[in-house]
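Secondary and tertiary structure notes
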2 protein chains.
Amino acid sequence: MSKTTIRLTRFELEVMEELWGIGQGSVREVLEALPTRRRPAYTTVQTIVRRLEEKGAVEQVRKIGNAHIYRPRVSRKAAYRRLVDDFLDLFGGSARPLVAHLAESGKLSLEDLRQAEELLVGEPESA
Amino acid sequence: MSKTTIRLTRFELEVMEELWGIGQGSVREVLEALPTRRRPAYTTVQTIVRRLEEKGAVEQVRKIGNAHIYRPRVSRKAAYRRLVDDFLDLFGGSARPLVAHLAESGKLSLEDLRQAEELLVGEPESA
DNA sequence: GTGGCCCTACGACAGCCGTGGTAGCTTTTT
DNA sequence: AAAAAGCTACCACGGCTGTCGTAGGGCCAC
């Protein structure tokens, strides 16, 4: 289990998602990249970015005017790994009951499973 | 998405897990059913059970001595459905990226997928 | 150079959650 | 019946998260 990486909250993840998307950016750029529906106040994003920096999830790379430009320090993959690992703890740490639940509740199609299978075969690295 | 059911926190889920296991029981029984490692104070369990009752996740069915006996009012399945649904929101609401991630990070075996496939075929109800 | 705008730094706050203490009533045990 | 043990009801509290406001400094256009 990769409990090494930083744990991100839901909104921190959304902010990171934008940063991963654009590579790097200012608070304002992140703000404007957020879907209109859930676009909070400027300072809210700012706070999140600050917390991300405290956690080491992002870093300042330079300034444009007096605005900081931030860049992710953790990969999307690592972040999701941590997220999923934490979630799996609720299922005893194993993915199987989770996938079983997904299948039972009709949230998975055969195609989904087949795609997963391909990924598995193509990348037989063990976790 | 089943956002109808009650949302349970991690520890609430653990308590429910014990209640589902024994069918019904007192605070003390739940406490003692919890794995020794993460066994908190009696009153902690009591607080959680009270909150569960406020939420409608459990109900008092009778008293033994002066102790209440509680019974789940939501099924394990419904509870996990809600849990998973909320989690899936982080993946855009779809299970596919999650399963893909699991496959890529080696958390799934082919056997896991095959089992899921069987469940899928056996229960072709759509969500 | 100065007014206006933008950015930063910091503080605040409420809700949720895990955690447990206390007081007082009940049941059981001497 | 008096003491001991158990249970309930309620309160408290600190950490985390989402949310934002304010104060003050910097930059740009005029």
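Calculation rules
- Residues numbered from 1 in each chain as written.
- Chains lettered and ligands numbered in written order.
- Predicted model: local features only at pLDDT ≥ 70, side-chain atom pairs only at ≥ 80, totals over all residues.
- Heavy atoms only, no water.
- Near = heavy atom within 4 Å.
- Polar contact = N/O pair within 3.5 Å; in protein donor to acceptor, adjacent residues only side chain to side chain.
- Helix = DSSP H or I, 4+ residues; strand = E, 2+ residues; numbered from the N terminus.
- Nonpolar A, V, L, I, M, F, W, Y, C, P; charged D, E, K, R; others polar.
- Core = buried A, V, L, I, M, F, W, Y, C linked by side-chain atoms within 4.5 Å.
- Buried < 20%, exposed > 50% of the residue type's maximum accessible area, 1.4 Å probe, protein only.
- Contact = heavy atoms within 4.5 Å.
- Pairing = 2+ DSSP bridges.

**Details of the protein's contact with DNA strand C**
- Not every one of the 21 residues close to DNA strand C is listed here, only the nearest: Arg28(A), His68(A), Thr9(B), Thr47(B) and Arg51(B).
- Those atoms of DNA strand C that come within 4 Å of the protein belong to sugar or phosphate at a rate of 58%.
- Residue His68(A) places a main-chain N or O atom 2.9 Å away from a phosphate oxygen belonging to DNA strand C.
- The separation between a phosphate oxygen of DNA strand C and a polar main-chain atom of Phe11(B) is 3.3 Å.
- Secondary structure elements with two or more residues in the surface near DNA strand C: α3 (42-55) and β2 (67-72) of chain A together with α1 (10-22) and α3 (42-55) of chain B.
- For the surface near DNA strand C, the residue count by class is six nonpolar, 10 polar and five charged.

**Description of the nonpolar core**
- Leu98(A), Leu102(A), Leu98(B) and Leu102(B) are the most contacted members of the largest nonpolar core, which totals 71 residues.
- Leaving out residues up to four positions away in the same chain, Leu98(B) has contacts with Val84(A), Leu98(A), Leu102(A), Phe87(B), Leu88(B) and Phe91(B).

**Here's the deal with the protein's contact with DNA strand D**
- Thr9(A), Thr47(A), Arg51(A), Arg28(B) and Tyr42(B) are the nearest of the 17 residues found near DNA strand D.
- Near the protein, meaning within 4 Å, the atoms of DNA strand D are sugar or phosphate in a fraction of 55%, with bases accounting for the rest.
- Asn66(B) places a polar side-chain atom, nitrogen or oxygen, 3.0 Å from a base nitrogen of DNA strand D.
- A total of four residues in the surface near DNA strand D trace back to one element, the largest contributor, which is α3(A).
- Class assignment of the residues belonging to the surface near DNA strand D gives a composition of five nonpolar, eight polar and four charged.

**Topic: the pairing of β2(A)**
Residue and element names in this part refer to chain A.
- Bridge count for strand β1 (residues 58-64) against β2 is six bridges, and the pairing is antiparallel. Its bridge partner lying in β2, glutamate 59 is registered against arginine 71.
- Counting the residues that bridge the hairpin from β1 to β2 gives two residues, and of these glycine 65 lies at a positive phi of roughly 65°.

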